[in-house]
Structure formats: structure tokens, C-alpha cells
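Fold and contact review
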Amino acid sequence: MIEGQEGFIWPMRNLGDQTIWALKVLKPAYCSERQVGVAAALLAYRNVPGFILSQRICLTRSFAAELLAQFPALEYALLMPWLPWKTWAGLMRSPEISVGYTRKHALRLALATAHSLVELERRGYAHTDIAGSNVMYMQDFAQIELLDLEGLYAPELHAPEKVSYGSPGYQHRRLGRAGQWSPYGDRFAGAILLTEMLTWWHPLIRGQTSPDASTLFTSEDFARLEGPRIQTVRDILWSLDSQGGLLKLFDQTWHAASLKACPDLQAWLLSLRQLAMYSPQTPSPATPVTNTSISMLPTTSLSLDV
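Right, let's walk through the structure included here.

Conventions adopted
What you see as residue numbers is a count from 1 along each chain, following the sequence as written. With pLDDT at 70 or above as the cut-off, local features in this predicted model cover only qualifying residues; side-chain atom pairs require 80 or more to be listed or tallied, and sums for whole chains, interfaces and linings still use all residues. Hydrogens are left out, water is left out, and the side-chain values use all remaining heavy atoms of the structure. A run of H or I in DSSP becomes a helix once it reaches four residues, and a run of E becomes a strand once it reaches two; helices and strands are each numbered from the N terminus. Based on C-alpha atoms, the radius of gyration is set beside the globule rule, defined as 2.2 Å times the residue count to the power 0.38. Exposure categories follow from relative accessible area, calculated using a 1.4 Å probe and restricted to protein chains: below 20% of the type maximum is buried, above 50% is exposed, and the middle band is partly exposed. Accessible surface is estimated by sampling points in the Shrake-Rupley manner with a 1.4 Å probe; for residues, cover comes only from the protein chains shown. Under the counting rule used here, the positive set is Lys and Arg, the negative set is Asp and Glu, and His together with the chain ends is not counted. One atom stands in for each charge, and that atom is NZ of Lys, CZ of Arg, CG of Asp or CD of Glu. The definition of a polar contact used here is a pair of N or O atoms within 3.5 Å, where within protein one atom must be able to donate a hydrogen and the other to accept one, and adjacent residues in sequence count solely through side-chain atom pairs. Here a cavity denotes grid points, spaced 1 Å and computed from the protein atoms alone, that fit a 1.4 Å probe unable to get out, and a pocket denotes an open set having protein on both sides within 12 Å along at least 5 of 7 lines; residues with an atom within 4 Å of a point are the lining. Grid points are joined across faces, edges and corners, and a volume is the space filled by probe spheres set on the points.

Attention now goes to the overall build of the protein chain. Within the protein chain, the secondary structure is distributed over 11 helices and nine strands. Its C-alpha atoms give the protein chain a radius of gyration of 20 Å, near enough to 19 Å, the size a compact globule of 306 residues would have. Oriented by its inertia axes, the alpha-carbon framework of the protein chain measures out at about 60 × 40 × 35 Å. For the protein chain, the proportion of its 306 residues judged to be buried stands at 54%. Of the roughly 13,900 Å² that the protein chain leaves accessible, carbon and sulfur atoms contribute 55%. Within the protein chain, one finds 26 positive and 27 negative side-chain charges whose respective centroids are separated by 4 Å.

Okay, here's the thing in C-alpha cells:
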């Protein structure tokens, strides 16, 4: 069993074809009929890279009455594909993996991540809790998957009982009462995540970061705005893009007075695409890792995989 911010996840084995699926039982603040609307909103992303977890079934009384009569605590639980990948936060905590993370990997991973974030932004949606622990990456760094989509902001959805204020290391210093529950909710956290990915290949910034850290920045960094590590980040961004595009975006985000004042994520994607044009080994994001459709989610018996 894995405990996340929004719920508890168990691996479940489909007794029909022996495939592994994830059963996510939500914590009370997220466990409501709102998850039916989230699942419906995410249908538009079922074949978009980065959103395999949009392929989900929300267990409701209209869909699984017999199961819920026996196990009422599973109401609004989610059945989704199981992902055996590593998280970006896990990479940052691992010196062994980090030392093999290269400039080429950085550009590839940041480009794939920016593509997925822009897919949300262009519809007026936001994940609302972008963080290294909510991003998994493929071994070749050419594709990511976003986790914890249950707090999704969408204009057609009402706010959850507990709105997201983001994760430590990714929180804007001036969040209002709505937290990151807005169409601009991913701008700051997304930019910080991209900055981590773009700079972590450099041994200098790793050496200036606490060995047990899973984020590049702390709340103290966000409060004081300047310092040696922040300047190191700026220098590395300049080394990647001597035209200054990435550095300008970072500076604008870092000093922005609000989430809305941060550059949009499309601007990051455009800068990264320009860099990719001059780096032939930086591919476009991969096609979806699988073309699983909702109809392929298991409807046969499941067992706890222990």
C-alpha cells in the first residue's frame, strides 16, 4: 500500500488477464461525487501523453452497486492503470541516479513535461499540485505521467472541500484563500519543476542542495528571493540558452507578485522547442505509453496484489 497526499493506493491484480491496476481509496477531503466530474473532465486527455491516469473508473453506486454494498468504504474510489515508474522527487533524492542525469536528459524531460502542462493550460485547466512527487518519468526521460489528478481545476467543476495550496518547494509566496485553485494554478509550480529538471544535471547545483532534499528550493528561498544557489540556477539556465529566454522566464516567475503574473506555461514550451531545434538528440514527447481505453479497464474480478 502507498499513501499519497490524496489517498491510499493498492496494487490490484486482474484475475482474468493477470494485469496490475491501481485502486486509489481517497481521503475524506477528496472523497465525494466531485470525482465523477473529474473523471468526466479527464476523458478529453485519455490519449494525450502524460495523462494515462485519466483512464479511470470512479466507483459509484450506479456503476458498482453490488461491490459497494459489500464494501461501502470504496465509494468514489478510483481504478486506474498501475505505473511502475520512478518519480522526479525520487531522482533528486538519489545521488546514484542524479549523477547519471545529463544535460541531454534535462532538455528531453523538461520538454515532455512542458507539453503535458500546456495541454492542461490550453483548456483553462490546472493540476493544482504540480510537484516532483507527482511526476513520474520513463527511463529514457522522453515521457512523463502526472499523478494525483483528483484536485483538478476545471471551469465546469466546483471547488473541492480542501483546495490545494501546493507542495512545499513549489508554493508561491503570496497565495490567496483560493490557493492554487485557478486556471493559473500551475504557472509557478510548473516553472519551478521545469527549472529543477533543467538544472539538476549540473554538479554545482546538486552540491549546493541538501543531500536529503527532494526539491531544489525551500520556502526560505522564496521569501528572500536572492542568494548564491539562486544565482547558480540563473547561471545554469544561461548556459543552456545563451539567448536568455529560459533565464527571462525564470526571473519573471521568481519575482511575480501572483500566480496570474507568472509567464504562462506555453512560453516555457516555446523556449524549450527552440532549444530542441538546435539539439537533434532532443526528441519531441513520445506518443502515449499505451492506448488503453476506458473500455479496457478491468471489469472482471480483482485481487489485492501482495
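Structure's up, so let's keep going.
Within the fold, Ser62 resides in the loop between β4 (57–58) and α2 (65–70). Separated by 51 residues in sequence, Ser62 and Pro11 have C-alpha atoms that sit 24 Å apart. There is a polar contact of 3.1 Å between the side chain of Ser62 and the side chain of Thr60.

Take the layout of surface pockets next. Estimates place the volume of the largest pocket at around 570 Å³. Lining the largest pocket are 32 residues, and of these Ile2, Ile9, Ser133, Met136 and Leu147 sit closest to its centre. Every element with two or more residues in the lining of the largest pocket is listed here: β1 (2–3), β3 (20–26) and β5 (78–81).

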